[in-house]
Amino acid sequence: MCGIMGYIGSGNAVPLILDGLARLEYRGYDSAGIAILQGNEIQVRKKEGRLSGLIEAIGQPPAADLGIGHTRWATHGIPSDRNAHPHQSCDERIALVHNGILENYMALKKELCEEGHRFKSETDTEVIVHLIEKYYQDDLEAAVREALTHMQGSYAIAVISRDEPQKLIAAKKDSPLIIGLGEGENYVASDIPAILHKTDQVYILQDEELAVLTADRVAITDFSSAPVEREIFKVTWDPVSAEKGGYEHFMLKEIHEQPRVLTETLRGMIGEDGSVDMSGSGAEHLLREVKKIYIVACGTAYHAGLIGRYAIEKLARIPVEADIASEFRYRDVLWQPQTLMIVISQSGETADTLAALREAHRHGVPVLAVTNVVGSSVAREADAVIYTHAGPEIAVASTKAYISQILVMYLLALQLARPRPEAGDGIRRLSAELLKLPAQVEAVLKQEAQVKALAQKYQDVQSTFFLGRGLDFAVAMEGALKLKEISYVHAEAYAAGELKHGPLALIDHGVPVLALITQSHLVDKSISNIKEVKARGAVVIAICPGNLAGACAECDEQILLPDIDDFLSPLAAVVPLQLFAYYMAVFRQADVDKPKNLAKSVTVE
Ligand code: F6R
């Protein structure tokens, strides 16, 4: 995730900004940059790669009392010196850093280019600084305010102008930004760890607020210029928990980020008619007249692919095979014309997934990548990319990347279904349902205490089963993987109807069975399976929506989901399973964020 650090005051801006950025390194980034005011010039230095490269390029830090810095996690445009922030106006009078995604940047860029603005990068961010330049008439605050009225999307920005050396302007919507208060100096940062070693007194900016910082004063107003009285928040976290936003582990932080991640991934994907429209994604050309799809991935990403298979076959009526990349690459595939391969990879670097992609290319089959990392190998080699916008995932166990992957699977299914006239109403209805997801996942997160209590109760078990039918089976597989990888408890996922063909022999007194029951049309079948395991002494924990609670009454425990469309239920149902795995690992004193034997990115076969 991008990091912002800005400074105004009597100290030296350069080391203070670089130090702040270094404290945000844990968030992940691919390039870094800084802009400072020296005399009446803005000096900018930017470097792809680690912060150490930027520090080396700067050498002896020049003196400055105003500056902004940034660590970039690419979203628009590859990681490069040119695309790194800060970006500058044509006349280099204004410099800006930005976190977030500007949705309408293409339309704005076209307009600005026609008006003569010259762009140097491929980023959405550069549009903002040109927009401010367009409205600048010797008043930076007024120009920023005007620019904000034209911006759609999420943003946290920090802006300086060489003509107003005593001022730093910050504004935000849907992307975090805080202000650190010092003595004769003030800071702006995207996150508390950047400034915590300097001050524990902060203002937390709210959406649609703008702050004007000088060395001695911070004035906060809303976007309509009305003054805002903000109480100072005194940070009591130590620096290590501050990195995790106050959560004990990155995994828990990332689980809680999921509503926001869904909002980010949905951005720009719903057209004016209210239905999914991926025409702005650059992938649309690959989705026309497709007759066969292979979805190929590893681990959690493969589980997202299984949901993609259900969703695409149901909505678009195109045959789909979902395959494990390490198997796919060695199987003698019967390639047919008009085939598309979709690869899913959080890191974009997984060796087997990359090999499957190359195998498709060897047979002239185009590949669409769904990945979280701009500029990754998978993103570079694929014919088109859809980004998941989950932000860097630090915990080894994937949570927020998975939820954004399954959301993209639904978006793709809806896009692929568009040519089917009979799908029209369904597309519009489901598109509207997608917009409710962030709030629904937020509601599931409210069950955390109950899930934690269940994990405490069952922390000593040796073995668990996860059962489901249809989409629920795909979620069960992900739930079992999460539990085994971080808590080291044996966990098996089974298609509920398959149990009696062998694994039922393992069900014994006290074995927890987590039963996913979200598909109304399969509920009777699932209840029969529950009876089978209960008769053999299993303890059944049902994960079901409130409207199926009655049907699941004989389960020993219930975790209730909000009433969500059956078809979209995986997006809610996986959340209690992530929390269950997390708390099981915590109670068993496992290293949650770095489970033994596992690596975040598997770049070897
Ligand atoms: C499990 C997990 C792994 C990854 C798998 C693929 O929590 O994270 O199973 O999903 O290694 O990784 P990517 O998505 O980077 O290709």
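It should be noted that the structure appears before, not after, this text.
Below, the structure is looked at part by part. All of these numbers come straight from a predicted model, not from anything done at the bench.

**Here's the deal with the overall build of the chain**
Then step 1. Per the secondary structure count, the chain includes 18 helices and 24 strands.
Then step 2. Compactness check: the chain gives a C-alpha radius of gyration of 25 Å against a globular reference of 25 Å for 605 residues, within 12% of the reference.
Then step 3. For the chain, the spread of C-alpha atoms along the principal axes amounts to about 80 × 55 × 45 Å.
Then step 4. Out of the 605 residues in the chain, the part that is buried amounts to 60%.
Then step 5. Taking the intrachain contacts of the chain between residues at least 6 apart in sequence as the baseline, contacts between residues at least 24 apart amount to 71%.
Then step 6. When the accessible surface of the chain is summed, it comes to about 23100 Å², and 49% of that surface belongs to carbon and sulfur atoms.
Then step 7. Once the 59 positive and 81 negative side-chain charges of the chain are each reduced to a mean point, those two points are 4 Å apart.

**Side note on the site of the ligand**
Then step 1. In the vicinity of the ligand, 13 residues are found, and the nearest of them are Ser 345, Gln 346, Ser 347, Thr 350 and Glu 485.
Then step 2. In this structure, Gln 346 approaches the ligand through a main-chain N or O atom, which is 2.6 Å from an oxygen atom.
Then step 3. Residue Glu 485 places a side-chain N or O atom 2.5 Å away from an oxygen atom belonging to the ligand.
Then step 4. Taking 400 Å² as the accessible area of the ligand by itself, protein coverage stands at 89%.
Then step 5. Sorting elements by how many residues they give to the shell around the ligand places helix H9 (residues 299–316) first, with three residues.
Then step 6. Here the residues of the shell around the ligand are counted per class, giving four nonpolar, seven polar and two charged.

**Brief notes about the pattern of salt bridges**
Then step 1. Evaluation of the coordinates by the stated rule reveals 39 salt bridges.
Then step 2. For Asp 163, the salt bridge goes to Arg 93, with nearest N and O atoms at 2.6 Å. On the criterion of sequence distance, the pair formed by Asp 163 in the loop between strand S7 (153–161) and strand S8 (168–173) and Arg 93 in the loop between strand S5 (87–88) and strand S6 (94–102) is long-range, its members being 70 residues apart.
Then step 3. With its nearest N and O atoms 2.6 Å apart, the salt bridge here joins Glu 381 to Arg 358. Remark: Arg 358 occurs in helix H11 (residues 351–362) and Glu 381 occurs in helix H12 (residues 377–381); sequence separation between them is 23 residues.
Then step 4. Classification of Glu 381 by relative accessible area gives partly exposed; the value is 27%.
Then step 5. For Arg 358, a relative accessible area of 39% gives the class partly exposed.

**Looking at the pairing of strand S16 (residues 320–324)**
It is a general feature of regular strands that their side chains alternate between the two faces of the sheet.
Then step 1. In terms of strand pairing, strand S15 (residues 292–297) meets S16 through five bridges, oriented parallel. Along S16, the bridge assignment pairs Ile 293 with Val 320.
Then step 2. A crossover connection joins S15 to the parallel S16 through H9; in handedness this β-α-β unit is right-handed.

**Quick word on the packing of helix H8 (residues 258–266) against helix H13 (residues 400–417)**
Then step 1. In contact at an axis separation of 9 Å, H8 and H13 are set at 35° when each is read in the N-to-C sense. For the pair H8 and H13, the sense of crossing is right-handed. The segment H8 lies against H13, with Gln 258, Val 261, Leu 262, Thr 265 and Leu 266 engaging Lys 400, Ile 403, Ser 404, Leu 407, Val 408 and Leu 411.
Then step 2. Taken together, the residues of the contact of H8 with H13 sort by class into seven nonpolar, three polar and one charged.

**Section: the nonpolar core**
Then step 1. Counting residues in each nonpolar core, the largest one holds 128 residues, and the members touching the most others are Ile 293, Ile 312, Ile 342, Leu 368, Leu 412 and Leu 434.
Then step 2. Beyond its immediate sequence surroundings of up to four residues, Leu 434 is in contact with Leu 266, Val 276, Leu 407, Tyr 410, Leu 411, Leu 414 and Leu 568.

**Considering the sheet that holds strand S10 (residues 185–189)**
Then step 1. If you trace the eight strands from one edge of the open sheet to the other, you get S3-S2-S4-S1-S10-S9-S11-S14, paired in antiparallel fashion. With one partner strand each, in any of the chains shown, strand S3 (41–48) and strand S14 (233–234) form the two edges of the open sheet.
Then step 2. Bridge count for strand S2 (residues 31–38) against S3 is eight bridges, and the pairing is antiparallel. The residue of S3 that forms the bridge with Gln 38 is Glu 41.
Then step 3. Docked against the sheet, helix H2 (residues 51–58) engages S2, S3 and strand S4 (66–72), running at close to 140° with respect to S3.

**Regarding unusual backbone geometry**
Among all residues save glycine, negative phi is the norm, and among peptide bonds the norm is trans.
Then step 1. Each neighbour pair has its own omega, and for His 85 with Pro 86 the value is 0°, a cis peptide bond.
Then step 2. For Pro 86, the location among the structural elements is in the loop between S4 and S5.
Then step 3. With phi around 55°, Arg 317 is a residue other than glycine that occupies positive phi space.
Then step 4. Along the chain, Arg 317 turns up in the loop between H9 and S16.
Then step 5. Owing to a relative accessible area of 57%, Arg 317 belongs among the exposed residues under this scheme.

**Some points on the pairing of S10**
Then step 1. Counting buried positions along S10 yields five of five residues, so the element is predominantly enclosed.
Then step 2. Examined bridge by bridge, strand S1 (residues 3–9) and S10 share five bridges and lie antiparallel to one another. In the sheet register, Tyr 7 faces S10, and the bridge partner there is Tyr 187.
Then step 3. Pairing analysis gives four bridges linking strand S9 (residues 178–181) to S10, with the strands arranged antiparallel. Counted as the bridge partner of Leu 181 is Asn 186 from S10.
Then step 4. Between S9 and the antiparallel strand that follows it, S10, lie three residues; Gly 184 among them carries a positive phi value of about 70°.

**Focus: helix H1 (residues 13–22)**
Then step 1. For H1, the buried fraction is high: seven of the 10 residues fall into the buried class.
Then step 2. Taken together, the buried positions of H1 are Ala 13, Val 14, Leu 16, Ile 17, Leu 18, Gly 20 and Leu 21.
Then step 3. Those residues of H1 that are buried are in contact with S1, S2, H2, S4 and S10.

**Quick word on the sheet that holds strand S17 (residues 339–345)**
Then step 1. Strand order in this open sheet of five strands is S16-S15-S17-S18-S19, and the pairing throughout is parallel. Every other strand in the sheet has two partners, leaving S16 and strand S19 (384–387) as the edge strands with one partner each. Averaged over all pairs of adjacent strands, the angle between their axes in this sheet comes to 20°, without regard to strand direction.
Then step 2. Bridge count between strand S18 (residues 367–371) and S19: four bridges; the pairing is parallel. Directly across from Thr 371, in S19, lies its bridge partner Tyr 387.
Then step 3. Packed on one face of the sheet, H11 meets S15, S17 and S18 and runs near 165° to S17.

Calculation criteria
Residues numbered from 1 in each chain as written. Predicted model: local features only at pLDDT ≥ 70, side-chain atom pairs only at ≥ 80, totals over all residues. Heavy atoms only, no water. Helix = DSSP H or I, 4+ residues; strand = E, 2+ residues; numbered from the N terminus. Rg over C-alpha atoms; globule rule 2.2 N^0.38 Å. Buried < 20%, exposed > 50% of the residue type's maximum accessible area, 1.4 Å probe, protein only. Contact = heavy atoms within 4.5 Å. Areas by Shrake-Rupley, 256 points an atom, 1.4 Å probe, with all protein chains shown as cover. Lys, Arg positive; Asp, Glu negative; His and termini not counted. Charge placed at Lys NZ, Arg CZ, Asp CG, Glu CD. Near = heavy atom within 4 Å. Polar contact = N/O pair within 3.5 Å; in protein donor to acceptor, adjacent residues only side chain to side chain. Nonpolar A, V, L, I, M, F, W, Y, C, P; charged D, E, K, R; others polar. Salt bridge = Lys/Arg side-chain N within 4 Å of Asp/Glu carboxyl O. Pairing = 2+ DSSP bridges. Right-handed = clockwise from strand over helix to strand, strands pointing away. Axes fitted to C-alpha atoms, helices over the stretch in contact; angles between N-to-C directions. Left-handed = near helix turned anticlockwise from the far one by under 90°. Core = buried A, V, L, I, M, F, W, Y, C linked by side-chain atoms within 4.5 Å.

Read these as geometric descriptors, not functional statements.
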